[in-house]
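Here are the chains, one letter per residue:
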Amino acid sequence: MPVLKLTKRTIDAISQVEKPTIFYDSDLTGFCIKVLPSGVKRWCVEYRSGAGGRSVGKTRMVLGSTSAMTPDQARLAAKSTLAAVALGQDPARKRSTERAMPTFADFGERYLSEEAETKLKPRTVVNYRIYLRKHAAPLLGTRKLDALDSADVSKMHRKIGKETPMTANRVVEFVGSVFRYAAVCGLVAKGHNPASHVQAFREQRRERFLSAAELGRMGDAIREAETMGIPWSVDKDQPKAKHIPKNGRTKIGPHVAAALRLLILTGARLREILELKWEHVDLQRGLLLLPDSKTGQKAIILNTPAVDVLCRVPKVDTYVIASDIAGQPRHDLNKPWKLISMRSGLGGVRIHDLRHTHASYGAGAGFGLPIIGKLLGHSQPATTARYAHLDNDPLRRASNEIAAQIAKAMGEPVEAAAEFGLTSAESDV
């Protein structure tokens, strides 16, 4: 066990060794240098640590190479390490843990691929990826998981909440899911979830119901957009405004028009319509048999106007609402809905408000909430027997009456559909 005063002059004088050799400092116990046969020299510190003052073994921790640290820097680092040991810490173990501990951004991606994609609905995973990329990662992404606390998550929550309180609440829920999975993986202690102590912003429900006059304007706008096209709105103050054609118009295709009509006539959710396949359409029984939705497997009753829309839409793909890419559902209706809503004077109205409007017409007609809830799919996922229950007369009459009123307000034709299994009484609504 060679012992000498470790200085620049002494370590430079160390000749090549035949095997790895440790040279200990004569002044600071535990401070040493490891010399390899290759000529590489590394500063180290040795110590013994253990609970209750009982030594459980000697640990040698590398401080750095002689090319990166001077003898004085290495000696100072060794003193700091030994001081931490004297306080009951284990610096080598702490360093190992810190290196193994992932950042929030890295583990967030791991959570999405290992946990979320296998257990959550695809749309939820898409939203979670947006929450991570746009909100959580820029504010928390570089921090180690075990270094984050409630104050960090609360600060992020407040910052996002200045613009979108509801999104801020959803991002915190995502962060909480990440930490719960981190506890399952043993990276943080069970119960360590800084998101659980963040109080959510108060959320005000945004429910907007369209009047008969508004439905009429919306129906006119849809028909104009699918036939003549809606005139371009040109800002004359723009530098290139003079180069824009004065008679330019924007048209929507028959599938987009059908999607908008089906949303208001059935009260279905946006993804239920955009991801609807022809194999799920049962015109004979007047049902949309969805294998999966927000509430699981469900059936949507097709009223007469909705059946008429489905009969008129071109069947060009596996999806009822065909997109620009064959075999893939349309991603959204943001641009066409903005076009229609602005043309009909419904700025600020969301697509989801069409679903609220469908329900409001049912309530206004005197139908009970249980009936309306079933029409909108608010009940728990059902079995095949539940499809027969949804197909009974009271629900079908309710659905037909609601849609007939809406179609009339929009100026849409209400045609009999006895050929699809609907009764004459239903067609007269």
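Each chain carries its own residue numbering, running from 1 in the written order of its sequence. pLDDT decides what is reported in this predicted model: residues at 70 or higher carry local features, side-chain atom pairs at 80 or more are listed and counted, and totals for whole chains, interfaces and linings draw on all residues regardless. Note that water and hydrogens are dropped before the side-chain values are worked out from all heavy atoms of the structure.

Things to note about the nonpolar core
In this structure, Met 218, Val 281 and Ile 340 are the most contacted members of the largest nonpolar core, which totals 48 residues. In this text, helices come from DSSP runs of H or I with a minimum length of four residues, and strands from runs of E with a minimum of two, each type numbered from the N-terminal end. Sorting the residues of this core by element identifies helix H8 (212-226), helix H9 (254-266), helix H10 (270-274), strand S9 (287-290), helix H11 (304-312), helix H12 (334-343), helix H13 (352-364) and helix H16 (393-410) as the ones contributing at least two each. If near-sequence neighbours (up to four positions away) are discounted, Ile 340 is found in contact with Met 218, Ala 221, Ile 222, Ala 225, Ile 230, Ile 252 and Leu 260. In this description, a nonpolar core means a group of buried Ala, Val, Leu, Ile, Met, Phe, Trp, Tyr and Cys residues linked to one another through side-chain atoms lying within 4.5 Å. Relative accessibility under 20% of the residue-type maximum defines a buried residue, over 50% an exposed one, and the middle range a partly exposed one, all with a 1.4 Å probe and only protein chains included. Residues Tyr 131, Leu 148, Val 171 and Val 172 belong to the second largest nonpolar core, which totals 30 residues. Only heavy atoms enter the contact rule, under which two residues are in contact if any of them lie within 4.5 Å.

Brief notes about the packing of helix H4 (residues 104-119) against helix H5 (residues 122-140)
At their nearest, the axes of H4 and H5 sit 10 Å apart, and the two run at 170° to each other. Considered as vectors, H4 and H5 are oriented roughly antiparallel to each other. In contact with Phe 104, Ala 105, Gly 108, Glu 109, Tyr 111, Leu 112, Ala 116 and Glu 117 of H4, H5 contributes Val 125, Tyr 128, Arg 129, Leu 132, Ala 136, Ala 137 and Leu 140. Axis definition: a line fitted to C-alpha atoms, limited for helices to the stretch in contact. Angles are taken between N-to-C directions and run from 0 to 180 degrees. An angle counts as roughly parallel when it lies under 35 degrees, as roughly antiparallel when it exceeds 145, as roughly perpendicular when it falls between 65 and 115, and as oblique in every other case.

Quick notes on H9
For a helix, the expected span equals 1.5 Å multiplied by the residue count minus one. Taking 1.5 Å as the rise per residue, H9 with 13 residues should run 18 Å; its terminal C-alpha atoms sit 18 Å apart, in good agreement. When you tally the buried positions in H9, you get 12 out of 13 residues, the bulk of the element. Looking one or two residues beyond H9, the residue adopting positive phi is Gly 267, at roughly 75°.

Some remarks on the state of the cysteines
Note on terminology: disulfide denotes any pair of cysteine sulfur atoms within 2.5 Å. For the structure shown, the criterion picks out 0 disulfides. Left unpaired, Cys 32 is separated from the closest cysteine sulfur, that of Cys 44, by 4.9 Å. When its relative accessible area of 0% is taken as the criterion, Cys 32 is described as buried.

With respect to the confidence of the model for the protein
Across the protein, the average pLDDT comes to 83, with 82% of residues at or above 70. Per-element confidence in the protein is highest for strand S3 (residues 31-35), whose mean pLDDT is 95, and lowest for helix H15 (residues 384-390), whose mean pLDDT is 28. Here pLDDT means the predictor's own confidence in every residue, given as a number from 0 to 100. Throughout residues 380-392 the model reports pLDDT below 50, and contacts reaching past four residues in sequence, or to other chains, amount to 21 contacts.

Here we look at the sheet that holds strand S2 (residues 21-25)
Within a sheet, adjacent strands bond to each other through the backbone by hydrogen bonds, running parallel or antiparallel. Two strands form a pair only when DSSP identifies at least two bridges running between them. Taken in spatial order, the 5 strands of this open sheet run S1-S2-S3-S4-S5, and their pairing is mixed. Of all the strands in the sheet, just strand S1 (3-4) and strand S5 (58-65) have a single pairing partner and so form its edges. In terms of strand pairing, S2 meets S3 through 4 bridges, oriented antiparallel. If you follow Thr 21 over to S3, its bridge partner there is Val 35. Packing of helix H2 (residues 71-86) onto the sheet brings it into contact with S2, S3, strand S4 (41-48) and S5, and relative to S4 it is tilted by some 20°.

Quick notes on the side chain of Asn 169
Considering the arrangement of structural elements, one finds Asn 169 in helix H7 (residues 165-184). Engagement of the side chain of Asn 169 in a polar contact is seen with the side chain of His 157, the distance being 2.8 Å. Setting aside chain neighbours within four positions, we find Asn 169 in contact with His 157, Ala 200, Phe 201 and Glu 203. Counting of polar contacts relies on pairs of N or O atoms within 3.5 Å, with two restrictions inside protein: one atom must be capable of donating a hydrogen and the other of accepting it, and residues adjacent in sequence are counted only when both atoms are side-chain atoms.

Topic: the sheet that holds strand S10 (residues 298-301)
The 3 strands are arranged S8-S9-S10 in an open sheet whose pairing can be described as antiparallel. With partners counted over all chains shown, the strands left at the sheet margins are strand S8 (281-282) and S10, one partner each. By the bridge criterion, 2 bridges tie S8 to S9 in an arrangement that is antiparallel. Paired with Asp 282 across the two strands is Leu 287, which belongs to S9.

Section: H7
Helix length check: H7, at 20 residues, gives a terminal C-alpha distance of 29 Å against a target of 28 Å (1.5 Å per residue), a fit within 8%. Count one or two residues on from H7 and you reach Gly 186, which has phi positive near 80°.

Observations regarding a positive patch on the surface
Two distance rules govern patches: like charges are joined within 9 Å, and nonpolar side chains (Val, Leu, Ile, Met, Phe, Trp, Tyr) within 5 Å, applied only to residues with over 30% relative accessible area and no salt bridge. Using the Shrake-Rupley algorithm and a 1.4 Å probe, accessible areas are obtained, with residue cover drawn only from the displayed protein chains. The term salt bridge refers to a pairing of a side-chain nitrogen on Lys or Arg with a carboxyl oxygen on Asp or Glu at a separation within 4 Å. A positive count includes Lys and Arg, and a negative count includes Asp and Glu. His and the chain ends are not counted in either. Note that the charge is assigned to NZ on lysines, CZ on arginines, CG on aspartates and CD on glutamates. Residues Lys 155, Arg 158, Lys 159 and Lys 162 make up a contiguous surface patch of positive charge. Following the sequence through the fold, Lys 155 ends up in helix H6 (residues 150-161). Look at Lys 155 and you get exposed, because its relative accessible area is 59%.

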